[in-house]
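# Close look at the chain arrangement
Spelled out from the first residue to the last, the chains are:
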Amino acid sequence: MLQGEHLTLTYKDGETTLDAVRDVSISIEDHQFIGILGPSGSGKSSLLYLLSGLRQATTGEIYLDDRAYGKMPAHERVALRRTEFGFVFQQHFLINYLTALENVMVAAPMQDKAHAEQARALLADLGLGDKLHRFPYELSGGERQRVAIARAMIHRPRIIFADEPTGLLDRRTGLQVMALLRGYRDHGSLIAVTHNPEILSEADLVVTIREGQIASVKDRLERATQVSAS
Amino acid sequence: MNPLSTFTYYRRHKRRALMLTALLALAVMGLYLVFGLLQETYITPLYTINRYLSKFSLVQPDLGTTPDPTVVAQIRAHPDVALVLPQNNVEIAVPNAGGVDTLFRLIGLQEADVATVLAQCGVTLIEGQLPRPRTNGLALSQELATALNLKIGDTLERTENETGYANIASPLELVGILSGDVRLGIVSYEYLDNHERYRDLARYGVLVIARPGREAAVDDFLRQTIRSSRTETATYQLLKEELTRSLAVLYRIGIPLVLLVTAAITLVIGAINRLAFMRRLAEFGTLHAVGRSKEWLARRLTLETAGLALAGCALGILLAWGVMAFLNAAVYAPRGFAYNPFQVTVLPYVVPIPLAVIGFTLFTAVRALGRMDAVAIVERGELSLEGERIGHAARVRAGSLPRPLASTTFYRRHARQAAVLIGATALMIMGTSMFIFALEAFDDARQPLLTHLRWVSLVSPNALPLETTVIAQIRVHPAVERVIPVAVFSPLGIFVPPTAPNYPVEAYGVTAEDMAYLVELYGLKLAEGHLPRPNTNDIVIPWTVAQNRDIQVGDVIGNRDHPIYPNAPTLPSELVVSGIFTPAEAYADETWFSFMSLEFAEKYPDSWRTDLSLIVVPKAGQKAALDAWLESQIAGENRLVFTYGNQQALFQRQASTILFSLSLVESIIALVAALALTGLNYVFVTQRQAEFGVLNALGFSRLQLVGRVVCETLFTTGAAWLVAVLGCAVILLCLQYGLYIPSGLKLNLFNLTPWFYTLPVPVAVLAVSAGAVGWTLARLDPVAVIERR
């Protein structure tokens, strides 16, 4: 279980300070799909960076099971990202000189044949079986994002963090990508940040962030009720 | 404000501009210092300390001690000659601040002439007194006294410098310090003339002073009319010609180095420019779309680089001047060899760098812009290197195990980048080590000069004939097998590439009986002809010398038509090559010396120097003990002892002095290379910030990323080292088979010393790159990278 308690992230810009995240507490259960929703600049991505250990909270603490990020040395936090977490960003961030298969293998725990086979199988499952040896610039936007998803899944992380994973894709492709990500719930949790509520329709919980604070938390039932009421 | 000004881009990209300027400045400074210091160490001192020849000339016979009266009368009769004064002189070696010796004449003048010569030279006595007649007094210019570390009352003695002061048969006492336009060393003519030990060592001749304004005419007359194979002249014009020749030699040696460094720096700058170009494709596409021609764009790009190149060049020259001025003040001037740090003659060595960089930029800009499609660029948006297509070479094999993070993967997919890095590093390695290879080649090739001393030792007289008691002492020594009287000559020179002058190869004048014995002892065999017959002008020479000088049996040497080496004086008599020895089976056993008839040589006591030496043959197994005894008990003021050990040590001392200078040169280039290549590596790494940011986000620690980049650098520097070593090996083989073997010489391809000098550049590049990359990645913020995109 991942838990953030009273998280605040403050950026300093000269004399002025900006609270990107303000006193946020959040809890994510295993195999849960959490959506973080909010307009641009609301602090949703900052919250994701905090939860994934890419940023350290100014105040507050994050726990993965009983392990507190704040007490971990930097290299342990890095190792945590490598073993327990997977990432999908708005841009694919594939390494341009590596093929699709190699990009996936970058995140594999070992660079051996077994993991290479696993990566091939994963890419085939994602519909890229015939494009294993294509470079990123030879793939479409959706295909690149699918390679990025495979890279996020290859090491079977406990949590996948997805930051605007469909932000640069058309609607149809975006929904396909989200379907692939949702499918990971059998293996671990998914935390997706977006400003598009449509792609969070299947989320177990949707947390809305405004000005760095949680504005609302709604489960499926509440959202369904809200929709039918409107 | 003009947004399209040539300088706008670099004004807004100061770090890049600074780096390119610094790289160029470093390269220019490095080359300037290398050639400036080489010039001030090996060439200029010759001119500096012999510039007295601009005030007077010297004429003396090539051999013997008596100036030809006809020649002297001819000089006196010349209308432009003001004065002809008798002079004698001995040469000493003056070490300069770089540890290199330069020959300088201590001129013996009669008392009445000293004031005239000083006045002619604009030199005055500032301390002490002038040498009195028939005393061992010496007056020296203060710079020379400083260089020789002498003050009034000190003596110049052979024991202090056996080779440099070999002609100082008896100590000379510094009694006066001179100061003036030129440097002088004056001793008493009568002292050198009357001293029995100087009589054979001193050269005799006349000192010629021209009428005012007629110096050039007298110089021409002495060079063109008086100078002959039997009469040596030392004039200002000849000095300048020698200086020009030396500069030409330096130029010949320098061209490959300049080419290598220029090529490497051009590659580095070209690679950096190319990265910048790729990042600016959108800018160029847009400008082209709004009506700027490709020629205009190419011109703008070239002008941008030209501005930086010229600024870098100017900065490099300024920095080099600063360093040269500092070295002058701190090292050279205090040792009597002050120089002008602003050396125009060095500029040609550095000018190719900015020119090559500008030319290369123009070429690549025209080539790249020629293929530019503005619409494609505008449609594809901003492209960076990361957006560049991977070449055909990068096609992957479907069945192979993916190794995405291997160093080879990156460079397989960035073959051009790898080629630039490897090429530039390899060129730098070759550039830095080539001097050492040349030196070692020369050193290897001349080893046979010493080979004969492995079997025997030589005791030679110094100024006076060997005393009979000493000869007797040697003869009865229990370790001595045989003592052979020998007249030692140097009738032939051998040319040892790449730059050495003709190296004298000694000839032993021995009796027929001793000759047969020595031939047997050295295991020599005649390839053709016969050994010299007694009382004839026959000479038998080694195969190498015959090959080197293209001499056949029956050839006559030593006359005007067949001089012993180009421009050499004639021998007292012609010699006929009666035989040629076979070459040794192994080059290490090669022996370079000739035999001729002792009886014949003794017919010319006034011209051949026939004070007999002794070849001392040890009993079996007694060589080391005998050499030790000769060196400790026999060597002295009147006797020179040549053993394999002390001559080898002398060779090594000479080589290590030069090696030290060259190591300094290499250090300068290695530093420049390391910084330039590190700069390039740094640029390449910064281009990959996104990759490193994402890898860090995915869980790769900074240490792992630094390790990966270090591995990649190790791969390129390792590959570059292999390429450089291969290149050096190819050059050595070309030298061996193209230059040395046809000259009868051989390089020792298994001499490891120069190969060690290929290591500093890759090691420095690796170390500095690791530091720079570590420093860069230590500040890596993955979130910033992700958000920036």
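Being a predicted model, the structure only gives us computed values, none of them experimental.

## Remarks on the overall build of chain B
A tally of regular secondary structure across chain B gives 28 helices and 20 strands. Projected onto its principal axes, the C-alpha positions of chain B cover 95 × 65 × 45 Å. When each of the 789 residues of chain B is scored for burial, the buried share is 44%. For chain B, the proportion of contacts with a sequence separation of at least 24, taken over those separated by at least 6, is 82%.

## Describing the interface of chain B and chain A
At the junction of the two partners, chain B supplies 25 residues and chain A supplies 30 residues. Those elements that provide at least two residues to the side of chain B that touches chain A are helix 15 (407-413), helix 24 (689-697) and helix 28 (782-788) of chain B. Ranked by residues supplied to the side of chain B that touches chain A, first place goes to helix 24 of chain B with 4 residues.

## Topic: the pairing of strand 3 (residues 101-109) of chain B
All names here are of chain B. Most of strand 3 sits inside the fold, with 7 of its 9 residues counted as buried. Two strands pair when backbone bridges link them, and strand 2 (residues 81-95) and strand 3 are joined in this way by 9 bridges, in the antiparallel orientation. Within the sheet, the bridge partner assigned to V90 lies in strand 3 and is L106. A loop of 5 residues connects strand 2 with strand 3, the two strands running antiparallel in sequence, and G99 in this loop sits at a positive phi of about 85°. Across 3 bridges, strand 3 lies against strand 8 (residues 185-188) in parallel orientation. Along strand 8, the bridge assignment pairs G108 with V187.

## A few points about helix 1 (residues 44-51) of chain A
A large share of helix 1 of chain A lies buried, amounting to 8 of its 8 residues. Those residues of helix 1 of chain A not exposed but buried are K44, S45, S46, L47, L48, Y49, L50 and L51 of chain A.

## Some details on the sheet that holds strand 10 (residues 213-219) of chain A
Residue and element names in this part refer to chain A. Within the open sheet, the 6 strands sit side by side as 6-7-8-3-9-10. Their pairing is mixed. Every other strand in the sheet has two partners, leaving strand 6 (85-88) and strand 10 as the edge strands with one partner each. On average, each strand axis in the sheet is inclined to that of its neighbour by 15°, with strand direction left out of account. Where strand 3 (residues 33-37) lies against strand 8 (residues 189-194), 5 bridges are found, and the strand directions are parallel. Bridging across to strand 8, I36 finds its partner in V193. The sheet contacts of helix 1 involve strand 3, strand 7 (159-163), strand 8 and strand 9 (205-210), and relative to strand 8 the element is tilted by about 150°. Helix 6 (residues 171-182) contacts strand 3, strand 6, strand 7 and strand 8 of the sheet and is inclined by roughly 155° relative to strand 8.

## Side note on the sheet that holds strand 2 (residues 16-28) of chain A
Residues and elements named next belong to chain A. Sheet architecture is open: 4 strands sit in the order 2-1-4-5, paired in antiparallel fashion. Every other strand in the sheet has two partners, leaving strand 2 and strand 5 (67-68) as the edge strands with one partner each. Across 2 bridges, the pairing between strand 4 (residues 59-64) and strand 5 is antiparallel. Pairing of L64 across the sheet is with R67, part of strand 5. Running over the sheet, helix 1 touches strand 1 (2-13), strand 2 and strand 4 and is turned about 120° from strand 1.

## What to know about the confidence of the model for chain B
Residues and elements named next belong to chain B. Averaged over all residues, the pLDDT of chain B equals 83, while 91% of them reach at least 70. For residues 381-388, every residue scores under 50 in pLDDT, and the model assigns this stretch 14 contacts once sequence neighbours within four places are set aside. Scored below 50 in pLDDT, residues 390-394 makes 8 contacts in the model with residues more than four places away or belonging to other chains. ipTM for the predicted complex: 0.83, alongside a pTM of 0.72.

## Remarks on the pairing of strand 1 of chain A
All names here are of chain A. Of the pairings in the sheet, the one linking strand 1 to strand 2 comprises 9 bridges and is antiparallel in character. Considered in strand 2, the bridge of T10 is made with D19. The turn linking strand 1 back onto strand 2 is made up of 2 residues, and G14 within it adopts a positive phi angle of 70°. Sheet topology places strand 1 next to strand 4; 5 bridges connect them, and they run antiparallel. Across the sheet, G4 pairs through a bridge with I62, a residue of strand 4.

Rules used throughout
- Numbering of residues starts from 1 in each chain and follows the order in which that chain's sequence is written.
- Chain labels run from A onward and ligand labels from 1 onward, assigned in the order the entries are written.
- Local features in a predicted model are, by the rule used here, given only for residues with pLDDT of at least 70; side-chain atom pairs are given and counted only at 80 or more, and totals for whole chains, interfaces and linings are based on all residues.
- Helix and strand assignments follow DSSP, with helices taken as H or I runs no shorter than four residues and strands as E runs no shorter than two, numbered in order from the N terminus.
- Labels follow a simple rule on C-beta atoms placed from the backbone: if 20 or more others lie within 10 Å of a residue's own, it is buried; if 12 or fewer, it is exposed; otherwise it is partly exposed.
- Two residues form a contact once the distance between their C-beta atoms, set from the backbone, is within 7 Å.
- The pairing criterion for strands is at least two bridges between them, as found by DSSP.
- Fitted lines through C-alpha atoms give the axes, limited to the stretch in contact for helices. The angle between two N-to-C directions lies from 0 to 180 degrees.
- Known as pLDDT, the predictor's per-residue confidence is scaled from 0 to 100.

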